Amino acid sequence: MSEPQPNQGPTGGVTPHLTIPSRGGAAAIEFYGRAFGAEEIMRMPAEDGERLMHAHLKINGASLMLADEFPEWTGEADITPKGVTLHLQVDDPDEWWNRALVAGAIPVMPLEDQFWGDRYGQLRDPFGHTWSIGGRKRS
(Lines give C-alpha, C1' and ligand atoms only; values in the text may rest on other atoms or scores of the structure.)
Protein backbone atom coordinates (compact mmCIF):
# COMPACT_ATOMS: atom_id res chain seq x y z
CA MET A 1 0.00 0.00 0.00
CA SER A 2 1.43 3.40 -0.93
CA GLU A 3 1.80 6.34 1.43
CA PRO A 4 -0.64 9.28 1.13
CA GLN A 5 0.67 12.22 -0.85
CA PRO A 6 0.88 15.71 0.72
CA ASN A 7 -2.17 17.89 0.03
CA GLN A 8 -4.07 14.84 -1.16
CA GLY A 9 -7.19 16.00 0.61
CA PRO A 10 -9.07 16.05 3.88
CA THR A 11 -8.46 13.23 6.33
CA GLY A 12 -11.71 13.42 8.30
CA GLY A 13 -15.24 14.74 8.32
CA VAL A 14 -17.58 14.91 5.33
CA THR A 15 -16.34 16.62 2.17
CA PRO A 16 -18.61 17.35 -0.79
CA HIS A 17 -17.25 16.03 -4.09
CA LEU A 18 -19.01 17.68 -7.03
CA THR A 19 -19.28 16.29 -10.53
CA ILE A 20 -19.19 19.15 -13.01
CA PRO A 21 -21.08 18.61 -16.28
CA SER A 22 -19.90 19.39 -19.82
CA ARG A 23 -16.16 19.49 -19.06
CA GLY A 24 -16.65 22.54 -16.87
CA GLY A 25 -14.26 21.60 -14.05
CA ALA A 26 -11.63 24.25 -14.78
CA ALA A 27 -14.34 26.90 -15.25
CA ALA A 28 -15.92 25.81 -11.96
CA ILE A 29 -12.64 26.37 -10.12
CA GLU A 30 -12.45 29.88 -11.55
CA PHE A 31 -16.11 30.59 -10.72
CA TYR A 32 -15.82 29.33 -7.12
CA GLY A 33 -12.77 31.56 -6.69
CA ARG A 34 -14.70 34.64 -7.83
CA ALA A 35 -18.00 33.76 -6.15
CA PHE A 36 -16.89 32.24 -2.84
CA GLY A 37 -13.21 33.12 -2.49
CA ALA A 38 -12.15 29.51 -3.13
CA GLU A 39 -8.46 28.72 -2.80
CA GLU A 40 -7.21 26.00 -5.15
CA ILE A 41 -5.16 23.45 -3.20
CA MET A 42 -4.48 21.11 -6.11
CA ARG A 43 -5.77 19.89 -9.45
CA MET A 44 -5.11 16.72 -11.38
CA PRO A 45 -5.87 16.61 -15.12
CA ALA A 46 -7.10 13.40 -16.71
CA GLU A 47 -4.93 11.41 -19.10
CA ASP A 48 -6.89 12.81 -22.06
CA GLY A 49 -5.44 16.25 -21.26
CA GLU A 50 -8.87 17.86 -21.55
CA ARG A 51 -10.85 16.89 -18.48
CA LEU A 52 -10.20 17.42 -14.81
CA MET A 53 -9.92 14.18 -12.87
CA HIS A 54 -9.72 15.76 -9.43
CA ALA A 55 -9.43 19.12 -7.72
CA HIS A 56 -9.30 20.16 -4.07
CA LEU A 57 -10.47 23.63 -3.06
CA LYS A 58 -10.86 25.43 0.27
CA ILE A 59 -13.91 27.65 0.73
CA ASN A 60 -14.49 29.47 4.00
CA GLY A 61 -12.09 27.09 5.77
CA ALA A 62 -13.67 23.85 4.46
CA SER A 63 -12.67 21.47 1.69
CA LEU A 64 -14.56 20.96 -1.56
CA MET A 65 -13.57 18.37 -4.14
CA LEU A 66 -14.65 18.38 -7.77
CA ALA A 67 -14.09 16.64 -11.07
CA ASP A 68 -15.43 16.68 -14.60
CA GLU A 69 -17.97 14.03 -15.44
CA PHE A 70 -16.62 10.79 -16.90
CA PRO A 71 -19.55 9.08 -18.67
CA GLU A 72 -17.33 6.15 -19.65
CA TRP A 73 -17.16 5.28 -15.93
CA THR A 74 -20.63 6.31 -14.75
CA GLY A 75 -22.78 5.88 -17.86
CA GLU A 76 -24.11 9.44 -17.48
CA ALA A 77 -23.32 12.47 -19.62
CA ASP A 78 -24.38 16.10 -19.21
CA ILE A 79 -25.69 15.42 -15.72
CA THR A 80 -28.02 17.81 -13.96
CA PRO A 81 -27.04 18.19 -10.29
CA LYS A 82 -29.99 17.90 -7.90
CA GLY A 83 -30.94 16.83 -4.43
CA VAL A 84 -28.12 18.56 -2.52
CA THR A 85 -27.60 22.09 -1.25
CA LEU A 86 -24.11 23.19 -0.20
CA HIS A 87 -24.35 25.55 2.76
CA LEU A 88 -21.98 28.39 3.62
CA GLN A 89 -22.34 29.81 7.14
CA VAL A 90 -20.55 33.15 6.95
CA ASP A 91 -19.89 36.33 8.91
CA ASP A 92 -21.50 38.68 6.34
CA PRO A 93 -24.15 36.92 4.23
CA ASP A 94 -24.91 40.04 2.18
CA GLU A 95 -21.26 40.37 1.12
CA TRP A 96 -21.02 36.68 0.16
CA TRP A 97 -24.40 36.80 -1.63
CA ASN A 98 -23.53 39.88 -3.67
CA ARG A 99 -20.10 38.52 -4.64
CA ALA A 100 -21.74 35.29 -5.87
CA LEU A 101 -24.32 37.24 -7.91
CA VAL A 102 -21.62 39.38 -9.54
CA ALA A 103 -19.73 36.17 -10.42
CA GLY A 104 -22.81 34.77 -12.19
CA ALA A 105 -24.84 32.82 -9.62
CA ILE A 106 -28.64 32.88 -10.01
CA PRO A 107 -30.91 33.49 -6.99
CA VAL A 108 -33.21 30.57 -6.13
CA MET A 109 -34.51 31.80 -2.77
CA PRO A 110 -33.96 35.48 -1.90
CA LEU A 111 -31.52 36.41 0.84
CA GLU A 112 -33.78 37.54 3.70
CA ASP A 113 -33.99 37.62 7.48
CA GLN A 114 -35.45 34.28 8.58
CA PHE A 115 -37.53 33.31 11.62
CA TRP A 116 -34.73 31.15 13.06
CA GLY A 117 -32.42 34.15 13.47
CA ASP A 118 -30.26 33.96 10.35
CA ARG A 119 -30.13 35.94 7.16
CA TYR A 120 -30.42 33.16 4.56
CA GLY A 121 -30.89 32.60 0.83
CA GLN A 122 -30.12 30.11 -1.93
CA LEU A 123 -28.29 30.49 -5.26
CA ARG A 124 -27.58 28.20 -8.21
CA ASP A 125 -24.11 28.22 -9.74
CA PRO A 126 -23.57 28.06 -13.53
CA PHE A 127 -22.91 24.30 -13.24
CA GLY A 128 -26.31 23.50 -11.68
CA HIS A 129 -25.29 23.18 -8.01
CA THR A 130 -27.40 24.88 -5.34
CA TRP A 131 -25.68 26.86 -2.58
CA SER A 132 -27.23 28.38 0.52
CA ILE A 133 -25.67 31.34 2.30
CA GLY A 134 -26.50 32.11 5.89
CA GLY A 135 -25.29 34.16 8.80
CA ARG A 136 -26.65 35.99 11.81
CA LYS A 137 -29.09 38.82 11.20
CA ARG A 138 -27.70 42.29 11.69
CA SER A 139 -29.17 44.16 14.64
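Right, let's walk through the structure included here. The structure displayed is predicted, hence computed values, not measured ones.

Reading the values: rules and limits
Residues numbered from 1 in each chain as written. Predicted model: local features only at pLDDT ≥ 70, side-chain atom pairs only at ≥ 80, totals over all residues. Heavy atoms only, no water. Phe/Tyr/Trp six-rings, centres within 6.5 Å; stacked < 30°, edge-to-face > 60°. Buried < 20%, exposed > 50% of the residue type's maximum accessible area, 1.4 Å probe, protein only. Helix = DSSP H or I, 4+ residues; strand = E, 2+ residues; numbered from the N terminus. Axes fitted to C-alpha atoms, helices over the stretch in contact; angles between N-to-C directions. Contact = heavy atoms within 4.5 Å. Nonpolar A, V, L, I, M, F, W, Y, C, P; charged D, E, K, R; others polar. Pairing = 2+ DSSP bridges. Core = buried A, V, L, I, M, F, W, Y, C linked by side-chain atoms within 4.5 Å. Patch = residues over 30% accessible without salt bridge, like charges linked within 9 Å, V, L, I, M, F, W, Y side chains within 5 Å. Areas by Shrake-Rupley, 256 points an atom, 1.4 Å probe, with all protein chains shown as cover. Salt bridge = Lys/Arg side-chain N within 4 Å of Asp/Glu carboxyl O.

**Considerations on the packing of aromatic side chains**
Okay, step 1: On inspection of all chains with the given rule, the structure shows ten aromatic pairs.
Okay, step 2: The interplanar angle of 15 degrees and the centroid separation of 4.6 Å between the aromatic rings of Phe70 and Trp73 together place this pair among those described as stacked.
Okay, step 3: Since its relative accessible area comes to 6%, Phe70 is described here as buried.
Okay, step 4: Look at Trp73 and you get exposed, because its relative accessible area is 58%.

**Some details on unusual backbone geometry**
Okay, step 1: Not every positive phi belongs to a glycine, and Ser22 is a case in point at roughly 55 degrees.
Okay, step 2: Inspection of the secondary structure puts Ser22 in the loop between β1 (17-20) and α1 (25-36).
Okay, step 3: One non-glycine residue, Asp78, lies in the positive phi region at around 50 degrees.
Okay, step 4: Within the fold, Asp78 resides in the loop between α2 (71-74) and β5 (85-89).
Okay, step 5: Judged by relative accessible area, Asp78 falls into the exposed class, the value being 53%.

**As for the packing of α1 against helix α3 (residues 93-103)**
Okay, step 1: At a closest axis distance of 7 Å, the pairing of α1 and α3 adopts a crossing angle of 140 degrees. Across from Phe31, Arg34, Ala35 and Phe36 in α1, the residues of α3 making contact are Trp96, Arg99, Ala100 and Ala103.
Okay, step 2: Of the residues in the contact of α1 with α3, the class split is six nonpolar, no polar and two charged.

**Some points on the sheet that holds strand β7 (residues 118-124)**
Okay, step 1: What the four strands build is an open sheet, ordered β5-β8-β7-β6; its pairing is mixed. Of all strands in the sheet, those bounded by a partner on one side alone are β5 and β6 (106-113). The sheet shows a mean angle of 15 degrees between the axes of neighbouring strands, direction not considered.
Okay, step 2: Two strands pair when backbone bridges link them, and β6 and β7 are joined in this way by five bridges, in the antiparallel orientation. The residue of β7 that forms the bridge with Asp113 is Arg119.

**Comments concerning the nonpolar core**
Okay, step 1: Ranked by size, the top nonpolar core spans 28 residues in total, and within it Tyr32, Phe36, Ile59 and Leu66 carry the most contacts.
Okay, step 2: Of the residues forming this core, the biggest block, six residues, is contributed by α1.

**Digging into a nonpolar patch on the surface**
Okay, step 1: On the surface, a nonpolar cluster with roughly 310 Å² of combined accessible area is contributed by Met44, Met53 and Trp73.
Okay, step 2: Among the secondary structure elements, Met53 is positioned in strand β3 (residues 52-59).

**A closer look at the pattern of salt bridges**
Okay, step 1: Here the structure, examined in full by the defined rule, presents eight salt bridges.
Okay, step 2: With its nearest N and O atoms 2.8 Å apart, the salt bridge here joins Glu40 to Arg43.
Okay, step 3: Accessibility expressed as a relative area gives 36% for Glu40, which makes it partly exposed.
Okay, step 4: When its relative accessible area of 37% is taken as the criterion, Arg43 is described as partly exposed.
Okay, step 5: Its salt-bridge partner being Arg51, residue Asp48 comes within 2.6 Å of it at the nearest N-O pair.

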